[in-house]
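Fold and contact review
Chain by chain, the residues run as shown.
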Amino acid sequence: MDAKVETPVDVKPKLSVRDLNFYYGGFRALKNISLDIPEKKVTSFIGPSGCGKTTFLRTLNRMHELARNASITGKVLVDGTDIYASNVDPVLVRKKIGMVFQKPNPFPTMSIYDNVVAGLKLTGRHKRKELDEVVEKTLVQAALWDEVKDSLKKSGASLSGGQQQRLCIARALATRPSVILLDEPAGGVNPTMIHYLTERIRELNREHRGLDEPTDVLAFPVDGLGPAAGSGPPCLQAVSASPASIRAWLSASAGVLKPSVLRGLRFSFAAISSSSA
């Protein structure tokens, strides 16, 4: 996958990627990627399955370093700071840039409560009153509080798939990240929950835009192209959530996308784009 996407000059970038190459051993999976991701926006990465969307997301908070034989060249800047600089702690990077994975991954041996505050405890925050407040606030933000407030001691693994994904969103929000990466967060849930999670993404972006420590960017990939769409749009498309940019991409993709996929994208992006219209 290779891409070069320019951010409009009047939009301040939150993340800037410059000449990024990613390698699994000797295989180069990402090639010469340069793009800016604007602040206070929902940005989606669209491309066929296997083109490198998840791999790219993992480079934005150094999660790829947990994989064997993985390496990169190039730069990833967050608020102008290179997260790959030798003096930058990857643990602190992941605190600032949270991630929610495609498959819900609550810690199975932890309660719902402990799942939410796991990241806070790693950073040395253990005061019960503070943790209680964070648990309630983030579960409310993830639209899960009313469903679990009387069973916070139950295992996070006891929840349904959709509830587990919302628990993971609450866990990501608990450390007050400035960026949240969502790797197809609705990929493994039913159509009703896809709409619900999309609405929550829109609402979270709106809720955080005016805070002193806002969650500026929620970036997530979508498998948008059919397997035979080799002549279509580039493998990676970074689409800021403005109605004009989304309509332009969908218009250019008509005839390339499968009709069912196109309908789903129109539905999903209509919900997302209204957050920054």
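This text goes with the structure placed above it.
Rules and cut-offs
Residues numbered from 1 in each chain as written. Predicted model: local features only at pLDDT ≥ 70, side-chain atom pairs only at ≥ 80, totals over all residues. Heavy atoms only, no water. Helix = DSSP H or I, 4+ residues; strand = E, 2+ residues; numbered from the N terminus. Axes fitted to C-alpha atoms, helices over the stretch in contact; angles between N-to-C directions. Parallel < 35°, antiparallel > 145°, perpendicular 65-115°, else oblique. Left-handed = near helix turned anticlockwise from the far one by under 90°. Contact = heavy atoms within 4.5 Å. Nonpolar A, V, L, I, M, F, W, Y, C, P; charged D, E, K, R; others polar. Buried < 20%, exposed > 50% of the residue type's maximum accessible area, 1.4 Å probe, protein only. Polar contact = N/O pair within 3.5 Å; in protein donor to acceptor, adjacent residues only side chain to side chain.

On to unusual backbone geometry. One non-glycine residue, aspartate 19, adopts positive backbone phi at about 50°. Following the sequence through the fold, aspartate 19 ends up in strand β2 (residues 13-24). Look at alanine 143: it is not a glycine, yet its phi comes out positive at around 60°. Looking at the secondary structure, you find alanine 143 in the loop between α4 (128-141) and α5 (145-148).

So, about the packing of α4 against helix α6 (residues 161-174). It is at 8 Å that the axes of α4 and α6 come closest, and there the two elements cross at 125°. On the basis of the axis angle, α4 is oblique to α6. In terms of crossing hand, the pair formed by α4 and α6 is right-handed. Residues Val134, Thr138, Leu139 and Gln141 of α4 lie in contact with α6, whose contacting residues are Leu167, Ala170, Leu173 and Ala174. By residue class, the composition of the contact of α4 with α6 is six nonpolar, two polar and no charged.

Okay, the side chain of arginine 166 next. For arginine 166, the location among the structural elements is in helix α6. Given the relative accessible area of 4%, arginine 166 is considered buried. Among the polar contacts made by the side chain of arginine 166, one reaches the side chain of glutamate 147 at a distance of 2.8 Å.

Fair warning: the whole summary comes from geometry, so function is off the table for now.
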